[in-house]
Amino acid sequence: MSASPHRRPTGRRRFALVGAATLVAAGLGAVPLVVTADAVAPADLAHGVLPARDGWAASGTGTTGGRAAATARVFTVSTRAELARALAAGPADAPRIVRVKGLIDANTDDSGKSQSCADYAAGTGYSLDSYLKAYDPAVWGRAKVPSGAQENARRAAQARQAARMVFPVPARTTVVGVPGTGAGITGGSLVVKNADNVIIRNLSLTDVRDCFPQWDPTDGSTGNWNSAYDAVSLRGATHVWVDHNSFSDDPHPDSANPVHFGREYQVHDGALDITNASDLVTVGYNTFSNHDKTMLIGSSDKDTKLRVTLHHNVFRGVVQRAPLARVGQIHLYDNYYDTTASEGYAHSYSVNSRAGAQVVAQNNHWKLSSDRKASQLLSGDGTGAVAGSGNLVDGAPVDLVAAHNSATTGKKIKTTVGWRPTLTAGLEPAAGLPTKLAGKAGKAGEAGAGVLTETGGKAPAPSGSAGGRTLTVAADGSADHRSVQAAVNAAAPRDTVLVSRGTYRETLNVPASKQGLTLKGATGNAEDVVITYDNASGTPKPGGGTYGTAGSATATFSANDITVTGVTVENTWDRSAHPDVRDTQAVAVNASGDRQKYLNSRFIGHQDTVLNWAPSATGQYRQYFRHCFIAGDVDFVFGNATAVYDRVNFTLRDRGAATGGHNGYLAAPNTDAAKPYGILITDSTISSPARPGTYYLGRPWHPAESAVGRLVIRNTSLPAAVKTEGPWTDMGGFSWKSARFAEYANTGPGAGSGATRPQLGPDQAAAHTARAYLAGTDGWNPTG
């Protein structure tokens, strides 16, 4: 058989899909500080200030951040170390502006080298397995919190991580993303503690993950795992403006978390928490998506102050706390709540008022999923109050408190508050919010755009390594091009294609002539920018024949030196809807170039999601995937290129097989025997809702005698769905034992050892690293 991926044998891979998860997400918006729908953005985002009457942060002296910073106090940063130095640069009380250019990974050392959970734990004595053994409720009990050697080791490891990824923000500071660069911080926590006059704007803030959650058996009736970090934490902070940011767990959704002691091993805490007597805060035009405990206002029921305004934000795929108000005078106006998108984040409630909190909710708009009711939008303990008017649910006026109180047999939410909002700039009827906040893409200053421009128009070309022009894409015609392919066609090598929020139904081809091209989602959140199509290998082509495996791809990237960041590419073809089609491979991404980078993106399909392809089987073709989310069920990472998956979240989709049955395979490499390196999965998380023991890690695709697949999975968490005995299997009569499969230092319920699970030794493992796989003949090192 030919080594071409255009047609692959289906073998045993014709199954009906059962219970496939919906994999979507969204955005948020708030205060008209910079712009309203008809306003013009200021000439300089970094020096912008909160307008008059724009929420509580406009009170008194207002909020100006680092506007008065001297030229020497304007810092442009693109690494963790640079960000930390800029925020710490003295004198502490002098105004400063910190311009974030590009996406900063907070979990790196001073040289830029990635730091894993294992790196933080090294030398502390901590291991999760030891921690679980020490504090198993059957051994430790449920009456007291953990203490002793392993808890001390956990705290020490957690402190090492905190030293890297927690960034104190001093007074009179503006932290702002540079437009057009995909600016943001992944894995980092901005902490404004006892500081006045701070602005945080235009940033993508993602995946603030605690490597070392604490088990607390006394938390609730069943105990809980508690993590330590918020994306933004205000503690005793005053006059703070949080504007046009996006918050998300992407690319590590909570569905990837394992279960220990019967409770989710929760690695995320809040998105934006406002506590410890913080006061005079405005939160506007932000996006909160795919998160559980979203916003806490008040550290306890005895907290004080806490005057907070939230307006023109979008909450979508949010479980709860949007916000939870323990104390304070909270004004919620013109926010848009969409409970229809979950990706595992099932809506619980939106707004909780308790402990005397006085919430005024005006002109907000809820979109309900079919399983939610208006009575479920509020929550409380009977001590808090919610007043207001003009709120809509699916376009119809609803008295939210009356709906809640009529459906509860417990304590009722009060309706009387002792204050009246006056700082209401931009207050408008709720009817237009779905269109204004969630229906438009790419316009400066509108929620959902994710980034603002410094000119009020289209984003300028970034001054980074791409060095070319920036071509913009928006489906509504507000940008240079309406389709992604049109922008690619017009692009020259090293240009950037910047794609606004939206869903683009099209196939995409980036040919070899577009070397150095960057494809970038404008918001920095992959779920906001979706490229989707639904061809399969056996789908008939308009001109005759079928597409074949490679031809079924939603997106094909053939150019060398490309970067794909902040986008979702999906192939939605469904076997059950096409029982007449025999060849069911349906590729989302066909990666077939050298020195390709895929960062902070999502690739979703069923069979053959990502093809790592070397057009010349023995040639040098390297592809690097980092901080991505990849979902599928059969051979969904496959091919003959050298590919590294670093800190990637894989989801093995459930096809309904019974425990011990057969759901599918993660990988199918067909690496040429002459190549020492094939596919490497490292420091990643593999999760699955499927039943235990129903998934293989891989099988060797053997289309030619020279194809002897190489796959190494190391330092990766494996779910119970993986077969602990015999996770490798044969394919097409070629034995897995003749392939080159190995594991090293994997963890989780799916990990194991023995004759059916070949392991690397320490010396061998030292040769199977991301850098070793990618170095090639030119020393390429995209890992930082």
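The preceding data block contains the structure.
Residues numbered from 1 in each chain as written. Predicted model: local features only at pLDDT ≥ 70, side-chain atom pairs only at ≥ 80, totals over all residues. Heavy atoms only, no water.

A. Seen up close, the overall build of the chain. Summing up its helical and strand segments, the chain has eleven helices and 56 strands in all. Here the C-alpha atoms of the chain give a radius of gyration of 26 Å, agreeing with the 28 Å that 2.2 N^0.38 yields for 784 residues. Looking at the chain as a whole, 62% of its 784 residues qualify as buried. A sequence separation of at least 24 residues applies to 75% of the contacts in the chain between residues at least 6 apart. On the chain, roughly 26400 Å² of surface is accessible, and the fraction owed to carbon and sulfur atoms is 50%. Both charge centroids of the chain, one from 74 positive and one from 65 negative side chains, sit 1 Å from each other. (Helix = DSSP H or I, 4+ residues; strand = E, 2+ residues; numbered from the N terminus. Rg over C-alpha atoms; globule rule 2.2 N^0.38 Å. Buried < 20%, exposed > 50% of the residue type's maximum accessible area, 1.4 Å probe, protein only. Contact = heavy atoms within 4.5 Å. Areas by Shrake-Rupley, 256 points an atom, 1.4 Å probe, with all protein chains shown as cover. Lys, Arg positive; Asp, Glu negative; His and termini not counted. Charge placed at Lys NZ, Arg CZ, Asp CG, Glu CD.)

B. Quick peek at the sheet that holds strand S5 (residues 173-177). The strand order across the open sheet formed by ten strands is S1-S2-S5-S8-S13-S18-S21-S24-S27-S30, and the pairing between neighbours is parallel. The open sheet has two edge strands, strand S1 (74-77) and strand S30 (385-389), and neither has a second partner. Across the sheet, the mean angle separating the axes of adjacent strands is 10° when strand polarity is ignored. One ladder, built from four bridges, connects S1 with strand S2 (residues 96-100); its direction is parallel. If you follow Val-74 over to S2, its bridge partner there is Ile-97. (Pairing = 2+ DSSP bridges. Axes fitted to C-alpha atoms, helices over the stretch in contact; angles between N-to-C directions.)

C. Broad picture of the state of the cysteines. Overall, the coordinates contain one disulfide when judged by the stated rule. With its sulfur 2.0 Å from that of its partner, Cys-117 forms a disulfide with Cys-211. Torsion about the S-S bond of the Cys-117 and Cys-211 cystine: about -75°, corresponding to left-handed handedness. Taken together, the residues Cys-117 in helix H2 (residues 117-121) and Cys-211 in the loop between strand S9 (204-206) and strand S10 (214-216) connect sequence positions 94 residues apart. Note on Cys-628: no disulfide assigned, nearest cysteine sulfur contributed by Cys-117 at a separation of 17 Å. (Disulfide = S-S within 2.5 Å.)

D. Summary view of the pairing of strand S33 (residues 470-473). Alternating residues of S33 divide into Thr-470 and Thr-472 and Leu-471 and Val-473, and every residue in both groups is buried. With four bridges connecting them, S33 and strand S34 (residues 496-499) associate as parallel partners. Bridge pairing in S34 places Leu-471 opposite Val-497. Handedness of the crossover joining S33 and S34 through helix H8 (residues 484-490): right-handed. (Right-handed = clockwise from strand over helix to strand, strands pointing away.)

E. Structural view of the pairing of strand S17 (residues 272-275). The alternating pattern of S17 places Leu-272 and Ile-274 and Asp-273 and Thr-275 on opposite faces, both of which are buried. In terms of strand pairing, strand S12 (residues 232-235) meets S17 through four bridges, oriented parallel. Opposite Arg-235, over in S17, you have Thr-275 as the bridge partner.

F. Representation of the side chain of Thr-651. Within the secondary structure, Thr-651 sits in strand S50 (residues 649-652). What makes Thr-651 buried here is its relative accessible area of 12%. Sequence-distant contacts of Thr-651, that is, excluding residues within four places in its chain, are made with Phe-629, Ile-630, Ala-631, Gly-632, Phe-636, Ser-687 and Pro-689.

G. The arrangement of the side chain of Asp-583 in detail. Relative to the elements of secondary structure, Asp-583 occurs in the loop between strand S41 (568-571) and strand S42 (589-591). At 3.2 Å, the side chain of Asp-583 and the side chain of Arg-582 are in polar contact. (Polar contact = N/O pair within 3.5 Å; in protein donor to acceptor, adjacent residues only side chain to side chain.)

H. Representation of the environment of Ala-134 within the structure. Structurally, Ala-134 is set in helix H3 (residues 128-134). The spatial distance from the C-alpha of Ala-134 to the C-alpha of Pro-727 is 29 Å, given a sequence separation of 593 residues.

None of the figures reported here should be taken as evidence of function without further support.
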